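Spelled out from the first residue to the last, the chains are:
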Protein chains: 2
Amino acid sequence: MGIRNDKNLVIYPDEFGLATDYYELTMAAAYFNSKQVQRRGVFELFVRKLPRNRAYMVVAGLEQALSYLTDLKFSEDVISFLRKEKSFSKMEDDFFEYLRRFEFTGDVWAVPEGSILFPNEPLIRVEAPIIEAQVVETFLLSTINFQSLIATKASRITAAAGNKQVIEFGFRRAHGPQAALLGARASYIGGCAGTSNTLAGYKMGIPIFGTMAHSYIMSFEREADAFLEFSKVFPEGMLLVDTYDTLDAVRKIAKSGLETSGIRLDSGDLYALSVESRKILDEAGYRGTKIMASGDLNEYIVNDLVQRHAPIDVFGVGTELATSRDDPAMNGVYKLVAVKDPAENGSYRIIYKLKTSPGKKTYAGPKQVFRFYEDGLVNFDIIGLDNESFSDGIPLMNMVMEKGVVKSRLPTLDEIKGFHASQMETLPLQFRKIDLVPEKFPVKYSDKLEKITSTFRPQ
Amino acid sequence: MGIRNDKNLVIYPDEFGLATDYYELTMAAAYFNSKQVQRRGVFELFVRKLPRNRAYMVVAGLEQALSYLTDLKFSEDVISFLRKEKSFSKMEDDFFEYLRRFEFTGDVWAVPEGSILFPNEPLIRVEAPIIEAQVVETFLLSTINFQSLIATKASRITAAAGNKQVIEFGFRRAHGPQAALLGARASYIGGCAGTSNTLAGYKMGIPIFGTMAHSYIMSFEREADAFLEFSKVFPEGMLLVDTYDTLDAVRKIAKSGLETSGIRLDSGDLYALSVESRKILDEAGYRGTKIMASGDLNEYIVNDLVQRHAPIDVFGVGTELATSRDDPAMNGVYKLVAVKDPAENGSYRIIYKLKTSPGKKTYAGPKQVFRFYEDGLVNFDIIGLDNESFSDGIPLMNMVMEKGVVKSRLPTLDEIKGFHASQMETLPLQFRKIDLVPEKFPVKYSDKLEKITSTFRPQ
């Protein structure tokens, strides 16, 4: 037995301290050495540019981010590992003692999961002792970037499907089992009715759906026997009809008298096959039998089938959803916007920070997003300083963690899903249509922010 | 505190039974009910079509697949969950008792990790009692598809980089923390020299690299102070020079006399900046100081920089590698190719299986891949039956698990990486060039396979 089971497969909570880019830890050591332990850092997470063709993003992953912040620590094993790394050879014991006692004690502001946001709008703001705020960067980005990516894709696909159900089917093409699980969560937030991922049902209560695979059909000598045996045990299961010849299989079902709640088409011309199948089923009295379609579906194909009134009741969407195939990365970044130095009387002196790299410029200062509505629809957003206020401008970020503790009950997954659905109703049609080149939603910076940023001179 | 820590973030080994598509479990129940418990199934995992522009794939993820198979079980919690699901309401106690005692007892054949393969070539073959072989489908696909996807991308990028180092930098854009970890592993197999992912260093011994982020520079009032402080603690660290003005920062370093092993360019025209930076550094006597480049790099940009002789020593590649951005899904499928029914004297009667779905046809029977070389280069492959043999044709799949137990020591990660490097040397140039439309590598089916498949008639 040459393998150490699970070690290379499971990330255990006591390893969270190392679930980060190495530079976060070397910077932690450098901050420690330059006596910045008391200094507080304010970081903001935002997306500079949306994935291709997206007009909006759907925020997801906050629950996992807070779970990570709550449990983050450096175990003895982890500390021993770092001590042995050449980079840390110059660090003294006091640094490793600091890591041993490390916990996240900061404050976190965030927009609720399920929110619709636009480029450059902060979705999370972290204020904490600068080392703490720094080391959490990588994990927060990975968690928020990924779930927001998938929630955004799901939102587009379910918008295209209209009143037809969409089920997430992508476990096998997701980027590993955890991506499948978190992707199922994000898909549900984005409007999917459920998932094929059993673990997502077990852990998160997401409705789970399963039909059958070709292998089950093939394990029988006769296709009709496979249908019969399966429907005896699972009358509410859907029978897969494309193993050999789709319409032939539908006719076998229609003739059989067996009880089934649906059939699944998985290849070929889904429009033509759904129309033909519906006819065969209806003529045989299987009017209540639903038709599910799957096989490399995405928002464009779903939109086309819906526009042509294909008699498809449920769409199973796998690869394209689980990987956000047309653009598989949400470009979130996490940038320092201010530091706060201890001053007299327990107060802090705030210093605004920004970078001026070509094409990667940032705006300084702790920010808030203010949203303005007209006739129930989102009209425009203003990104301002967190201490600004605008009449009619509704601030989107709330404090969700205070001194390292989650502030109040987090919404349930169904509440988050419901919130996203209500957000979609506030989005003007031109930003929801998936068959148009997306319009740019109007987001502007407040005058104060523009002024602070334009007068900055690096030294 | 509204959150159940880690439950929704970590997949624990005793939950592996549910880390699968729900239909695998409903099929398990249906197989159980139709008395197929003794029947053995033979399944093969292969990739029908490679991601866009790829001429070959690199196999990775086998270690994690075997780890999963070794530890797969259904805990009491998991069984209680299934019992309560409506789909399982008709199942009797004996099925849940079967799950309680469930373990994977099958045989597994596989090509070694790091292998180069082509479309339709089986990379794993599983033979087990059909329920066992069926329920492992989803997890195996997810693990093998993802790691092979990233190893393939890494192989292309490192091939483009030639003798320059490539470091995997993609944690923050990977599809969650586990994808980041497994992606770092796959990138290393595919030729990367290391990763920024600390956990991959801790768990797998992959060399870890870290420089610094813009936030560290920005936390200081003066950029030069940031460089100085950092280089005191980490003289072997690389200084990030693009926070404000790249060449200005390089000049500050050149003037400072500080000790540093390198600088990192992260934006702008990387070619021009590397040439200018090299000049400034060399003139100040920093001849040994390396230049690293990062920022949305991929195989095409790396190739271009290398062809133009940009004085870049190390490439940091993030998003494009960690997500395989230009095509983020490996299209692996897992198909039943035969069943074996118990016959007299403990022997089995084998029945070949295949599907004929339009565009998704499969070949029947347990297969082997035979590779033929000429002058040390791969010439062509033949996919034949596992009991065929060809003079000069080297079989690529070996038995790696027997009756649920890993057969022999698995190769170390460095051995796998070395094996992939040696595989690349056998690949003719036209399949390695990334700036050409890929040529199709000649793979044919044996006459026997063609005959079996063409004479199949579904019922």
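Residues numbered from 1 in each chain as written. Chains lettered and ligands numbered in written order. Predicted model: local features only at pLDDT ≥ 70, side-chain atom pairs only at ≥ 80, totals over all residues. Heavy atoms only, no water.

### Some thoughts on the overall build of chain A
Piece 1. Scanning chain A from N- to C-terminus turns up 17 helices and 19 strands.
Piece 2. Restricting the contact set of chain A to residue pairs at least 6 apart, pairs at least 24 apart contribute 73%.
Piece 3. Total accessible area computed for chain A in this model is approximately 16,400 Å², and 49% of it derives from carbon and sulfur atoms.
Piece 4. Within chain A, one finds 56 positive and 60 negative side-chain charges whose respective centroids are separated by 4 Å. (Helix = DSSP H or I, 4+ residues; strand = E, 2+ residues; numbered from the N terminus. Contact = heavy atoms within 4.5 Å. Areas by Shrake-Rupley, 256 points an atom, 1.4 Å probe, with all protein chains shown as cover. Lys, Arg positive; Asp, Glu negative; His and termini not counted. Charge placed at Lys NZ, Arg CZ, Asp CG, Glu CD.)

### Details of the interface of chain B and chain A
Piece 1. If you look at the interface, chain B gives 138 residues, while chain A gives 138 residues.
Piece 2. At the boundary of chain B with chain A, total buried surface from both sides reaches about 12,000 Å², with 57% on carbon and sulfur atoms.
Piece 3. If you sort the residues of chain B by the area they bury against chain A, Arg172(B), His175(B) and Tyr202(B) come out on top, with a joint share of 7%.
Piece 4. Where chain B touches chain A, the interface holds 10 salt bridges.
Piece 5. In this structure, Arg172(B) engages Glu137(A) in a salt bridge whose closest nitrogen and oxygen atoms are separated by 3.0 Å.
Piece 6. The interface formed by chain B and chain A contains 50 residue pairs in polar contact (both at pLDDT 80 or more).
Piece 7. It is helix 1 (residues 22-33) of chain B that provides the largest number of residues to the side of chain B that touches chain A, a total of 10 residues.
Piece 8. Class assignment of the residues belonging to the side of chain B that touches chain A gives a composition of 64 nonpolar, 40 polar and 34 charged. (Buried area = accessible area lost by both parts, 1.4 Å probe. Salt bridge = Lys/Arg side-chain N within 4 Å of Asp/Glu carboxyl O. Polar contact = N/O pair within 3.5 Å; in protein donor to acceptor, adjacent residues only side chain to side chain. Nonpolar A, V, L, I, M, F, W, Y, C, P; charged D, E, K, R; others polar.)

### A short note on the domain arrangement of chain A
All names here are of chain A.
Piece 1. Here the domain parsing of chain A yields domain 1 (28-135 + 331-454) and domain 2 (151-322).
Piece 2. The C-alpha-based centres of domain 1 and domain 2 are spaced at 38 Å.
Piece 3. Every contact between the two is made by 19 residues of domain 1 and, on the other side, 20 residues of domain 2.
Piece 4. Both sides of the domain 1 and domain 2 interface together cover about 1,700 Å² of buried area, and 57% of this is carbon and sulfur.
Piece 5. Broken down residue by residue, the surface that domain 1 buries against domain 2 is led by Leu413, Lys417 and Ile434, which jointly contribute 41%.
Piece 6. For the pair domain 1 and domain 2, the interface holds two salt bridges.
Piece 7. Measuring nitrogen to oxygen at the nearest pair gives 2.8 Å for the salt bridge that ties Glu113 to Arg185.
Piece 8. For the pair domain 1 and domain 2, the interface holds 11 residue pairs in polar contact (both at pLDDT 80 or more).
Piece 9. If you list the elements that add at least two residues to the side of domain 1 that touches domain 2, you get strand 2 (57-58), helix 2 (62-71) and helix 15 (413-425).
Piece 10. At six residues, the largest contribution of residues to the side of domain 1 that touches domain 2 is made by helix 15.
Piece 11. Grouping the constituent residues of the side of domain 1 that touches domain 2 by class yields eight nonpolar, five polar and six charged. (Domains from an automatic or database assignment.)

### Some points on the relation of the copies chain B and chain A
Piece 1. Aligned on chain A, chain B shows an RMSD of 0.0 Å; the corresponding rotation is 180° and the shift along the axis is 0.0 Å. On the angle and the small slide along the axis, the relation comes out as a two-fold axis.
Piece 2. Of all interface residues in chain B, 100% are interface residues in chain A too; the two copies therefore contact each other through one and the same surface. (Least-squares fit on C-alpha atoms with pLDDT ≥ 70 in both.)

### A closer look at helix 10 (residues 223-233) of chain A
Piece 1. Residues Glu223(A), Ala226(A), Phe227(A), Phe230(A), Ser231(A) and Val233(A) constitute the buried set of helix 10 of chain A. End-on view of helix 10 of chain A: buried residues confined to an arc of 155°, all on one side of the axis.
Piece 2. In this fold, the buried residues of helix 10 of chain A make contact with helix 9 (214-218), strand 8 (238-240) and helix 11 (246-256) of chain A together with helix 1 of chain B. (Buried < 20%, exposed > 50% of the residue type's maximum accessible area, 1.4 Å probe, protein only. Arc of directions from axis to C-beta.)

### Overview of the pairing of strand 6 (residues 165-168) of chain B
A regular strand carries its side chains on alternate faces of the sheet.
Piece 1. Strand direction decides the pairing type here: strand 6 of chain B and strand 11 (residues 314-317) of chain B, joined by four bridges, are parallel. Each residue of the ladder has a partner; that of Ile167(B), found in strand 11 of chain B, is Gly316(B). (Pairing = 2+ DSSP bridges.)

### Here we look at unusual backbone geometry
Residue and element names in this part refer to chain A.
Piece 1. A positive phi is found at Asn120, a non-glycine position, where the angle reads about 75°.
Piece 2. When you line up the elements, Asn120 lands in the loop between strand 4 (116-117) and strand 5 (124-129).
Piece 3. Not every positive phi belongs to a glycine, and Asp392 is a case in point at roughly 75°.
Piece 4. Residue placement: Asp392 occurs in the loop between strand 15 (377-385) and strand 16 (394-395).

### Side note on the pairing of strand 10 (residues 290-294) of chain A
Residue and element names in this part refer to chain A.
Piece 1. Counting buried positions over the five residues of strand 10 gives four, a clear majority of the element.
Piece 2. Note: strand 9 (residues 262-265) against strand 10, four bridges, orientation parallel. Residue pairing across strands places Leu265 opposite Ala293, the latter belonging to strand 10.
Piece 3. Between the parallel elements strand 9 and strand 10, the chain passes through helix 12 (residues 270-283) in a crossover that is right-handed.
Piece 4. Relative to strand 11 (residues 314-317), strand 10 is paired through three bridges, and the arrangement is parallel. Counterpart to Ala293 in the pairing with strand 11 is Phe315.
Piece 5. In this fold, strand 10 hands off to helix 13 (residues 299-307), which returns the chain to strand 11; that crossover is right-handed. (Right-handed = clockwise from strand over helix to strand, strands pointing away.)

### A few points about the packing of helix 7 (residues 177-189) of chain B against helix 15 (residues 413-425) of chain B
The description of two helices packed together rests on the angle between their axes and the distance between the axes.
Residue and element names in this part refer to chain B.
Piece 1. The geometry of helix 7 relative to helix 15 is characterised by a closest axis approach of 8 Å and an angle of 45° between their N-to-C directions. The pairing of helix 7 with helix 15 is recorded here as oblique in orientation. Facing Arg185, Tyr188 and Ile189 of helix 7, the residues of helix 15 in contact are Leu413, Asp414, Ile416, Lys417 and His420.
Piece 2. The residue makeup of the contact of helix 7 with helix 15, split by class, is four nonpolar, one polar and three charged. (Axes fitted to C-alpha atoms, helices over the stretch in contact; angles between N-to-C directions. Parallel < 35°, antiparallel > 145°, perpendicular 65-115°, else oblique.)

### Describing the side chain of Glu132(A)
Residues and elements named next belong to chain A.
Piece 1. Its location among the elements puts Glu132 in helix 5 (residues 130-135).
Piece 2. Look at Glu132: it is buried, it has no salt bridge, and the nearest opposite charge is Arg40 at 6.8 Å.
Piece 3. Residues within four places of Glu132 in sequence aside, it is in contact with Tyr98, Phe102, Glu103, Phe104, Thr105 and Gly106.

### Let's talk about the sheet that holds strand 9 (residues 262-265) of chain B
Residues and elements named next belong to chain B.
Piece 1. Pairing within the open sheet is parallel, and its six strands lie in the order 7-6-11-10-9-8. Since the sheet does not close on itself, it has two edges, and those belong to strand 7 (194-195) and strand 8 (238-240), each with one partner.
Piece 2. In the sheet, strand 8 pairs with strand 9 via three bridges, with the strands oriented parallel. For Leu239, the partnering residue across the bridge sits in strand 9 and is Ile263.

### Considerations on the sheet that holds strand 1 (residues 40-47) of chain A
In sheet architecture, strand pairing relies on hydrogen bonds along the backbone and comes in two forms, parallel and antiparallel.
All names here are of chain A.
Piece 1. Read from one edge to the other, the open sheet built from seven strands follows the order 13-12-1-5-3-17-18, with strand pairing classed as antiparallel. Of all strands in the sheet, those with a lone pairing partner are strand 13 (348-352) and strand 18 (405-406), marking the two edges.
Piece 2. Pairing between strand 12 (residues 332-342) and strand 13: five bridges, direction antiparallel. Across the sheet, residue Asp341 finds its bridge partner in strand 13, namely Arg349.

### With respect to the packing of aromatic side chains
Piece 1. Using the criterion set out here, one finds 51 aromatic pairs over all chains in the structure.
Piece 2. Ring centres of Phe16(B) and Phe139(B) lie 5.5 Å apart, and the angle between their planes is 50°; on these two criteria the pair is classed as tilted. Pair noted here: Phe16(B) is in the segment before helix 1 and Phe139(B) is in helix 6 (residues 137-161), with a separation of 123 residues, a long-range link.
Piece 3. Residue class for Phe139(B) comes out buried when judged on its relative accessible area of 1%.
Piece 4. Judged by centre distance (4.5 Å) and plane angle (10°), the ring pair of Phe372(B) and Phe380(B) falls under stacked.
Piece 5. Above the plane of the ring of Tyr188(A) lies Lys417(A), whose end atom (NZ or CZ) is 4.2 Å from the centre.
Piece 6. Here the basic side chain of Arg125(B) rests over the ring of Trp109(B), its NZ or CZ set 4.4 Å away from the ring centre. (Phe/Tyr/Trp six-rings, centres within 6.5 Å; stacked < 30°, edge-to-face > 60°. Lys NZ or Arg CZ within 6 Å of the ring centre and 35° of its normal.)

### Section: a positive patch on the surface
Piece 1. Taken together, the side chains of Lys49(A), Arg52(A), Lys49(B) and Arg52(B) present a region of like positive charge at the surface.
Piece 2. Positionally, Arg52(A) belongs in the loop between strand 1 and strand 2. (Patch = residues over 30% accessible without salt bridge, like charges linked within 9 Å, V, L, I, M, F, W, Y side chains within 5 Å.)

### Re helix 12 (residues 270-283) of chain B
Residue and element names in this part refer to chain B.
Piece 1. Compared with an ideal rise of 1.5 Å per residue, which puts 14 residues at 20 Å, helix 12 spans 20 Å between its outermost C-alpha atoms and is within 8% of the ideal.
Piece 2. Buried within helix 12 are the following residues: Leu270, Leu273, Ser274, Ser277, Arg278, Ile280 and Leu281. Seen end-on, helix 12 carries its buried residues on one side only, within an arc spanning 170°.
Piece 3. Where helix 12 is buried, its residues contact helix 11 (246-256), strand 9, strand 10 (290-294) and helix 13 (299-307). (Expected span 1.5 Å × (residues − 1).)

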